[in-house]
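What follows is the residue order along each chain.
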Amino acid sequence: MPEPASIAATPPAAVLDVAAVPNLSPDGRADYRRFLLQATPRAFALGTNGSWGWAAALESPAATEARALEICRHWGGVDCRLYARDLDVVWPGLESAAPRPAEIPLAGGPGWNLVPDARFLWQGPREAKGAYLWAHGRAAGGQDSRGTQPQPHVRVFNNAGYDVLRFDRAPETDETDAAAEWMREALRSLRAQGYQRVVVGGQSRGAWNALQALAAPGLADGVVAVAPAAHGATGSPAWAWALDDLRRVVASARSPETRVVVVNFARDEFDPDPERRAGIFRALTAPRVGALLFLDRPPEVSGHGGGADSRFVQRYGTCLLDFVEGRARACP
């Protein structure tokens, strides 16, 4: 297993090299950094006179690329062509394809799989800074959420050197406590494969399971729980015991080395009592966990899906990474 110094020496993917993009002004380079946080499909177009344009997450790669080129030309771009497509640099003379994993489960069992996500940069356990395990929510209507793209803040971790893996669960067997045990098994698997740092994050029920993982010390170095919930939306009879269940999850935390982020959004239809939940989350203190960053109803975005809003990652993404890695940085 490599020492941290050798991990730090691993060269970044060419697409991350902001300084290498030709012709761009400082404003253009700042916008390219924003592009690097976007979901795929994504495309960055560049004119020979320094104009640019980008697009992301449209209905198809072709539509995304066409829109990026259109924006570049709209702003006066001369000879606009693609500089970057998804994870690759495609500019003539600078072409570089980023390594991608095969989306083959690395671990799994009845009802779940641990799957590398090929929409993210990949290094493998010997070279990566760590692994980020992302857990999707559980759709109220029983829809299959396997394969859904992790939220934008995960790009910040990926661009910093973390491999991204999905904790995919079959909807017909995705019960809360069963999934919590599956997650613990998935995290043990990542440790066994040689990842020196492990972060687990999720949204909604995935975030709730990530908090449940705190009951077993040493599984994760960091937890990022975005809008954790496990009791249904407004009107659910399970709201009657939702706060008591949350208190039990917090009280069961036994991870004194783990740095924990919890994000609550205003007007979340899955939050039965924002004030009382906030009080419960604030009890996640030492010695239960190593440190807590609680973003309680940030003003920029709202609703249960607020973590998927680009404004959230632009304002808080770097702060989440810095906090999980133990650097002193005040969130906005």
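The structure presented is a predicted model; accordingly, all values stated were derived computationally and were not measured.

*Asks:* For this particular structure, what's the right way to read the pairing of strand β11 (residues 255-264)?
*Replies:* A regular strand places its side chains on the two faces of the sheet in alternate fashion. Within β11, seven of the 10 residues are buried, leaving the element largely enclosed by the surrounding structure. As paired strands, strand β10 (residues 222-226) and β11 are joined by five bridges and run parallel to one another. Looking at the pairing, A225 lines up with V262 of β11. Note that the unit made of β10, helix α7 (residues 242-251) and β11 has a crossover that is right-handed. As defined by bridge partners, β11 adjoins strand β12 (residues 289-296) across seven bridges and the pair is classed as parallel. Counted as the bridge partner of N264 is D296 from β12. Taking the sense of rotation as the criterion, the β-α-β connection linking β11, helix α8 (residues 274-281) and β12 turns out right-handed.

*Asks:* Mind showing me how you'd approach the nonpolar core here?
*Replies:* The tendency in soluble globular proteins is for nonpolar side chains to be buried side by side. Counting residues in hydrophobic clusters, the biggest one holds 43 residues, and the most contacted among them are L133, M183, L187, L190, L211, V223 and L284. The leading source of residues in this core is helix α5 (residues 176-192), at six residues. Beyond its immediate chain neighbours, meaning those up to four positions away, V223 contacts V200, A210, L211, L214, T258, R259, V260 and V261. Within the second largest apolar cluster, 28 residues are counted, among which are L37, Y132, V226 and F265.

*Asks:* How should the packing of α7 against α8 be read in this particular structure?
*Replies:* Each pair of packed helices gets described by two things: the angle between the helix axes and the distance between those axes. Closest axis-to-axis distance for the α7/α8 pair is 10 Å, and the angle between their directions is 15 degrees. As far as their axial angle goes, α8 and α7 are roughly parallel. Both α7 and α8 take part in a crossing whose hand is right-handed. In this structure, α7 contributes L243, L246, R247 and V250 to the contact, and α8 contributes R276, R277, I280 and F281. For the contact of α7 with α8, the class distribution of residues is five nonpolar, no polar and three charged.

*Asks:* What's the story with the pattern of salt bridges in this structure? I'm lost.
*Replies:* A complete count under the given rule lists 28 salt bridges for this structure. Ionic pairing is found between R282 and D296, a salt bridge with its closest N-O pair at 3.3 Å. One end of the pair, R282, is in the loop between α8 and β12; the other, D296, is in strand β12, and 14 residues separate them in sequence. On the basis of relative accessible area, R282 is assigned to the partly exposed category, the value being 48%. The class of D296 is partly exposed, set by a relative accessible area of 22%. Put simply, D296 and R297 hold a salt bridge, and the shortest N to O gap is 2.9 Å. For R297, a relative accessible area of 25% corresponds to the partly exposed category.

*Asks:* What is the right way to look at α7 in this model?
*Replies:* One turn of the α-helix equals 3.6 residues, which is why residues spaced by three or four share an orientation. For α7, the set of buried residues is A242, L243, D245, L246, V249 and V250. When α7 is viewed along its axis, its buried side chains cluster within an angular range of 160 degrees and face the same direction. On its buried side, α7 packs onto α6 (205-212) and α8.

*Asks:* Just checking my understanding: could you explain the sheet that holds strand β2 (residues 52-56) for this structure?
*Replies:* Within a beta sheet, neighbouring strands are joined by backbone hydrogen bonds and run either parallel or antiparallel to one another. In spatial order, the strands read β2-β1-β3-β4; together these four strands make up an open sheet with antiparallel pairing. The two strands at the open ends of the sheet, each matched to only one other strand, are β2 and β4 (88-89). The pairing of strand β1 (residues 42-46) with strand β3 (residues 81-85) spans four bridges and is classified as antiparallel. In the sheet register, L46 faces β3, and the bridge partner there is R81. Packed on one face of the sheet, helix α2 (residues 26-35) meets β1, β2 and β3 and runs near 10 degrees to β2. The strands touched by helix α3 (residues 61-74) are β1, β2 and β3; relative to β2, the strand with the most contacts, the crossing angle is about 155 degrees.

*Asks:* What is the right way to read the pairing of strand β9 (residues 198-203) from this model?
*Replies:* Counting buried residues along β9, six of its six residues qualify, which places the element largely inside the surrounding structure. Along β9, one buried face is formed by V198, V200 and G202 and the opposite face, lined by V199, G201 and Q203, is buried too. Judged from the five bridges that link them, strand β7 (residues 130-135) and β9 form a sheet pairing that is parallel. If you follow Y132 over to β9, its bridge partner there is V199. Regarding topology, α6 serves as the crossover connection from β9 to the parallel β10, and that connection is right-handed.

Here is what the cut-offs are and how they apply
Residues numbered from 1 in each chain as written. Predicted model: local features only at pLDDT ≥ 70, side-chain atom pairs only at ≥ 80, totals over all residues. Heavy atoms only, no water. Buried < 20%, exposed > 50% of the residue type's maximum accessible area, 1.4 Å probe, protein only. Helix = DSSP H or I, 4+ residues; strand = E, 2+ residues; numbered from the N terminus. Pairing = 2+ DSSP bridges. Right-handed = clockwise from strand over helix to strand, strands pointing away. Core = buried A, V, L, I, M, F, W, Y, C linked by side-chain atoms within 4.5 Å. Contact = heavy atoms within 4.5 Å. Axes fitted to C-alpha atoms, helices over the stretch in contact; angles between N-to-C directions. Parallel < 35°, antiparallel > 145°, perpendicular 65-115°, else oblique. Left-handed = near helix turned anticlockwise from the far one by under 90°. Nonpolar A, V, L, I, M, F, W, Y, C, P; charged D, E, K, R; others polar. Salt bridge = Lys/Arg side-chain N within 4 Å of Asp/Glu carboxyl O. Arc of directions from axis to C-beta.

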